[in-house]
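A look at the structure
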Amino acid sequence: DPLNGRPGTIGAAGDGFDLARVETVWCAPAFGVVLDETGRVFAGTAREARRLTPTLDRLPTARREEGETRLVPPDDAQSVSAATVFMGWGAAHNYAQFLLSALPTLLAAERAGALARFPAIAPPLSPWHTDLLALAGAPSPTEVDAPLVKLSEAVFLTPTAQRPGLDALRARILAQVAPAADARRIYVSRQGSLKAPQETEAWLEEGLAARGFTIVRPETSSVQELVALFRGAEVVVATSGTILANVLFCAPGAKIIEIQPTP
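Here we summarise the structure given alongside this text. (Residues numbered from 1 in each chain as written. Predicted model: local features only at pLDDT ≥ 70, side-chain atom pairs only at ≥ 80, totals over all residues. Heavy atoms only, no water.)

1. Some details on the overall build of the chain
What counts, and what does not: Working definition: helices are DSSP H or I runs of at least four residues, strands are E runs of at least two. Numbering for both runs from the N terminus. Burial here depends on accessible area, computed with a 1.4 Å probe over protein chains only, as a share of the maximum for the residue type. Under 20% is buried, over 50% is exposed, and the range in between is partly exposed. Residue contacts are defined here by distance: any two heavy atoms, one from each residue, within 4.5 Å place the two residues in contact. In this description, accessible areas are obtained by the Shrake-Rupley approach with a 1.4 Å probe, and a residue is regarded as covered only by the protein chains that are shown.
Helices and strands together make up the secondary structure of the chain, namely 7 helices and 12 strands. Expressed as a percentage of its 263 residues, the buried residues of the chain come to 46%. For the chain, contacts bridging at least 24 residues in sequence account for 66% of all contacts bridging at least 6. Taken as a whole, the chain presents about 13,100 Å² of accessible surface, with 51% of it coming from carbon and sulfur.

Printed below as a string of structure tokens:
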């Protein structure tokens, strides 16, 4: 327990999460990975990073030698007295990971009172990060643009914990955003996506527009606009992907039609 030194679960009733407090550790902010002075990695902080680098050899200052990953911290590394680490590698790059994982964790730590003693840190944030933080009324983390930092004390979510507080997060954001009144049926286009455009995109857009669907282009929409569109939609058609995290804001009874392209 980071608040009084006793082990156990902290947080609002029903959150279902545990926070761990550790001392004298290293943190790679861009990856969310925390490790102690002997090089042991705290598993709960490395789950997202391992999807990118299973052996963690892509961590800053790390290298692979004789089947082991070795990390040599720089002599001039920044030091921080105490911090909450709430963002993994995925949340730094992926809208869904930040919305559904990192942001609820930050709010849960706030409700538990941990942030007063352990202010949150994060890698440099994108505009959509700061927009979601503002809509949720979440405290702004201190942005750390350094490959590694040394923390006298750190708090993070334990690996066995459930992700807390999506209902609370939804309520906070919807209190700030009214539903879009003129878009009851929406199709989320991938025509502007550089990663995964669909060959049939123009055909889908034309056919759905003829059936009364509003064509949504995420790359030119603000976070607030997306929340409003999903909140007001009775029918959502979209391809599998991070944009469907916004289903969190749909009204009960909304119909979600998910396109799963092959291969």
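Having put the structure on the table, let's press on.
2. Quick word on the pairing of strand 5 (residues 78–85)
Which entries qualify depends on this criterion: Strand pairing follows a simple DSSP-based rule, namely that at least 2 bridges must link the two strands.
Sheet topology note: the strand 5/strand 8 (residues 149–157) ladder contains 6 bridges and is parallel. Looking across to strand 8, one finds that A82 is bridged to E153. Both strand 5 and strand 6 (residues 120–122) contribute to a ladder of 2 bridges, which runs parallel. The residue of strand 6 that forms the bridge with T84 is A120.

3. Brief notes about the nonpolar core
How we decide: Take the buried residues of types Ala, Val, Leu, Ile, Met, Phe, Trp, Tyr and Cys, join any two whose side-chain atoms come within 4.5 Å, and each joined set is a nonpolar core.
Core analysis: the biggest nonpolar cluster contains 52 residues, and M87, F98, L99, L103 and I173 have the highest contact counts within it. Per-element accounting of this core gives the leading share, 9 residues, to helix 3 (residues 95–111). Sequence-distant contacts of I173, defined by excluding residues within four places in its chain, comprise L99, L132, L135, A136, V227 and F249. By size, the runner-up hydrophobic cluster in this structure holds 15 residues, among which are V22, V34, V85 and V144.

4. Observations regarding the pattern of salt bridges
We count it as follows: Each reported salt bridge corresponds to a side-chain nitrogen of Lys or Arg within 4 Å of a carboxyl oxygen of Asp or Glu.
Taken as a whole and judged by the stated rule, the model has 10 salt bridges. With a shortest N-O distance of 2.5 Å, E65 and R63 are connected by a salt bridge. The exposure class assigned to E65 is partly exposed, which follows from its relative accessible area of 30%. By sharing partners, the salt bridges in this structure join R21, E23, R117 and E153 into a single network.

5. Some details on the packing of aromatic side chains
We count it as follows: Ring geometry is summarised as follows: Phe, Tyr and Trp rings, the Trp one being its six-membered ring, pair when their centres sit within 6.5 Å, and such pairs are stacked at plane angles under 30 degrees, edge-to-face over 60 and tilted between the two.
Enumeration according to the criterion identifies 3 aromatic pairs in this entry. With 5.9 Å between their ring centres and 50° between their planes, Y95 and W128 make a pair best called tilted. Placement of the pair is Y95 in helix 3 and W128 in helix 4 (residues 127–136), with a sequence separation of 33 residues. On the basis of relative accessible area, W128 is assigned to the partly exposed category, the value being 22%. With 6.0 Å between their ring centres and 80° between their planes, F98 and W128 make a pair best called edge-to-face. Of this pair, F98 sits in helix 3 while W128 sits in helix 4, and the two are 30 residues apart along the sequence. Joined through ring pairs, the aromatic side chains of Y95, F98 and W128 make up one cluster.

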